[in-house]
Amino acid sequence: MSGDGGASADVRGLAAAVASRLRGALSGHADRGTVLRWALLLCVEAALLLAYFGLTDATVTHLGYVLAPFVWINAGVWALARVDAPPAPRRRRVAAGVAACCYFLVLLAVTGLLGGGTGGPLGWIDVGMASPGWGPVVRFAGTLFSFTLVPYRLIGYLALSYLVYARLLSATAAALSGVVGLASCVSCGFSVVLSLVAGVTGGSSAALGAVYAASVEVSTAAFLLAVALLVVVPGRFGGS
């Protein structure tokens, strides 16, 4: 019983530390200049949405679908502003950079943005318009690989990769390895869940449709949790 009590206390302590860190992160950046910059960013995003839906025949059928890209972009910008890569020996910087690049490529591959090539002598490229953040979507298929550029996903995964790089340079990298690993799993967890659902149900359209219906919300929640793990939790171990 005492062991269970100690574990519960540890969980409560971690939750309190995370909440305190979040409050400090938000209050520490509440100066006038920062507020104005965020207000400008939000105004630009709102103007892009109004222009797109005002100048095209597109209509808003799912508000979460329209706003999700900006949640990713804004969370990524906030995270980059909060975390600085600490000084470290050159060998450690190179190792952390290689690990972050591999992490970035894995994210692209697991989420379907990076795949195999056509295998033929010729490739192709296609550009499609979509709601701001979702588009413009650039699709490229070459001999060796194919790539789909979705702006908000690219920004989000680049932000996560930088956070991994910065945390691996931390003096407490060993203590943070579990946090980095968990964030890595969380950030691409939806694609894994989707693959499992497809395998268990044999590709049932009803089951896959139910998962896809909540895909935007689930993947956004996973991304925000991954960012929080990499920005907030390390502070408990003495990180920046």
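Before any of the text, the structure's been laid out above.
Residue numbers here run from 1 along each chain, matching the order of that chain's written sequence. Where totals are concerned, whole chains, interfaces and linings use all residues; where local detail is concerned, this predicted model gives features only for residues with pLDDT of at least 70, and gives and counts side-chain atom pairs only at 80 or more. Think of the side-chain values as coming from all heavy atoms in the structure, minus any hydrogens and water.

Draft legend 1. Representation of the pairing of strand β3 (residues 137-141). Pairing between strands is defined by DSSP: at least two bridges between the two strands are required. The secondary structure listing takes helices from DSSP runs of H or I that are at least 4 residues long and strands from runs of E that are at least 2 residues long, numbered from the N terminus. Both strand β2 (residues 124-128) and β3 contribute to a ladder of five bridges, which runs antiparallel. Each bridged residue has a counterpart across the sheet, and for Gly 128 the counterpart in β3 is Val 137. Bridge count between β3 and strand β4 (residues 145-149): four bridges; the pairing is antiparallel. In the sheet register, Arg 139 faces β4, and the bridge partner there is Thr 148. Between β3 and β4, which pair antiparallel in sequence order, lie three residues.

Draft legend 2. A look at the nonpolar core. With 32 residues, the main nonpolar core has Tyr 157, Leu 160, Leu 163, Val 227 and Val 231 as its most contacted residues. Elements represented by at least two residues in this core include exactly α3 (63-82), α4 (90-110), α5 (151-168) and α9 (215-231). Per-element accounting of this core gives the leading share, eight residues, to α3. Ranked by size, the runner-up nonpolar core spans five residues in total, among them Ala 88, Ala 96, Ala 100 and Leu 169. Buried Ala, Val, Leu, Ile, Met, Phe, Trp, Tyr and Cys residues that are joined via side-chain atoms within 4.5 Å together make up what is termed a nonpolar core. Burial status follows relative accessibility: with a 1.4 Å probe on protein chains alone, a residue under 20% of its type maximum counts as buried, one over 50% as exposed, and anything between as partly exposed.

Draft legend 3. Here's a closer look at the environment of Leu 154. Tracing the backbone shows Leu 154 in helix α5. Contact partners of Leu 154, with chain neighbours within four places excluded, come to Phe 104 and Leu 149. Contacts are residue-level and defined by heavy atoms, with any inter-residue pair within 4.5 Å sufficient.

Draft legend 4. Quick peek at a nonpolar patch on the surface. In this scheme, patches are assembled from residues that exceed 30% relative accessible area and form no salt bridge. Like charges are connected within 9 Å, while nonpolar side chains (Val, Leu, Ile, Met, Phe, Trp, Tyr) are connected within 5 Å. Methods summary: accessible areas were calculated by the Shrake-Rupley approach with a probe of 1.4 Å, and residue burial reflects only the protein chains presented. Between Lys or Arg on one side and Asp or Glu on the other, a salt bridge is scored when a side-chain nitrogen of the former is within 4 Å of a carboxyl oxygen of the latter. Side chains of Ile 125, Phe 140, Leu 144 and Phe 145 sit close together on the surface and give an oily, nonpolar patch of about 440 Å² of accessible area. Its location among the elements puts Phe 145 in strand β4.

Draft legend 5. Highlighting unusual backbone geometry. Cis rather than trans, the peptide bond between Gly 135 and Pro 136 has omega equal to 5°. Within the secondary structure, Pro 136 is located in the loop between β2 and β3.

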